[in-house]
Amino acid sequence: MVFVWLTAFFLIVALIVLVIYQLMCLADLEFDYINPFDSSSRINKVVMPEFVLQAALTVLFLLSGHWAMFLLSAPIVYYNYTLYERRQHLVDVTEIFNHLGREKKRRIFKIVGLIILLFLSLFWMIWSVLLEEDE
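Note that this is a predicted model, so its numbers are computed, not measured. Counting starts from 1 at the beginning of each chain's written sequence and moves along it residue by residue. Given that this is a predicted model, residues contribute local features only at a pLDDT of at least 70 and side-chain atom pairs are listed and counted only at 80 or more, while totals for whole chains, interfaces and linings are drawn from all residues. The side-chain values count all of the structure's non-hydrogen atoms but skip hydrogen atoms and water molecules.

*Asks:* With reference to specific residues and values, describe the pattern of salt bridges.
*Replies:* We define a salt bridge as a side-chain nitrogen of Lys or Arg found within 4 Å of a carboxyl oxygen belonging to Asp or Glu. A full pass over the atoms with the stated rule returns 5 salt bridges. When the shortest N-O distance is used, the salt bridge between Lys 104 and Glu 30 registers 2.6 Å. Here Glu 30 lies in helix 1 (residues 2-30) and Lys 104 lies in helix 4 (residues 100-134), a separation of 74 residues in the sequence. You can call Lys 104 partly exposed: its relative accessible area is 23%. When a residue's accessible area, from a 1.4 Å probe over protein chains only, is under 20% of the maximum for its type it is buried; when over 50% it is exposed; and in between it is partly exposed. The exposure class assigned to Glu 30 is partly exposed, which follows from its relative accessible area of 39%. Measuring nitrogen to oxygen at the nearest pair gives 2.5 Å for the salt bridge that ties Arg 107 to Glu 103. Of the two residues, Arg 107 and Glu 103 are both situated in helix 4; the distance of 4 residues between them amounts to about one turn of the helix. The same class applies to Arg 107 as to Glu 103, namely buried. Each of Arg 102, Glu 103, Arg 106 and Arg 107 takes part in a single network of salt bridges with overlapping partners. Only runs of H or I of at least four residues qualify as helices and only runs of E of at least two qualify as strands under DSSP, and these elements are numbered from the N terminus.

Here's what the structure looks like:
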């Protein structure tokens, strides 16, 4: 049981790092530290790994029987899926300045959801360690 929570913890931390990296690229673009092509290519390189990690985390929760955590992470996977189906998951070089605010808000909402998942997984990891010590 602790292995599941430990794996979830590291997956969530990796997701947070990827989303913060995307936010940093958008902030650098906003303050003119990098050009739009570099910013969009850096962001687009980590979008699919982020989607795969989020799906793997959700499948981990589903297969391990942690239904509450699965239900909290499933909407993020559905949102990622709808972005992928609409072909809105990649940042367009020519439209990046027009959608800069929207892209930043999108990633900030993801960060908030991931931080909630991080704290919950930490809580459940500590709880399961304490339960194993009692037995």
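Next comes the rest of the account.
*Asks:* An account of the packing of helix 3 (residues 67-85) against helix 4 is needed here, citing residue identities and associated values.
*Replies:* Note on method: axes are straight lines fitted to C-alpha atoms, helices fitted across the in-contact stretch only, with angles between N-to-C directions ranging 0 to 180 degrees. Two elements in contact, helix 3 and helix 4, have axes whose closest approach is 10 Å; the angle formed by their N-to-C orientations is 155°. Taken together, helix 3 and helix 4 sit at an angle that is classed as roughly antiparallel. Here helix 3 runs over helix 4; the crossing is left-handed. Packed against helix 3, whose contacting residues are Met 69, Leu 72, Ser 73, Ile 76, Tyr 79, Asn 80 and Leu 83, the element helix 4 presents Arg 106, Lys 110, Leu 117, Leu 120, Ser 121 and Trp 124 at the interface. Roughly parallel means an angle under 35 degrees; roughly antiparallel means over 145; roughly perpendicular covers 65 to 115; every other angle is labelled oblique. By convention, the crossing between two helices is left-handed when the near helix turns anticlockwise from the far helix through less than a right angle, and right-handed when the turn is clockwise. Residue contacts are counted whenever heavy atoms from the two residues lie within 4.5 Å of one another.

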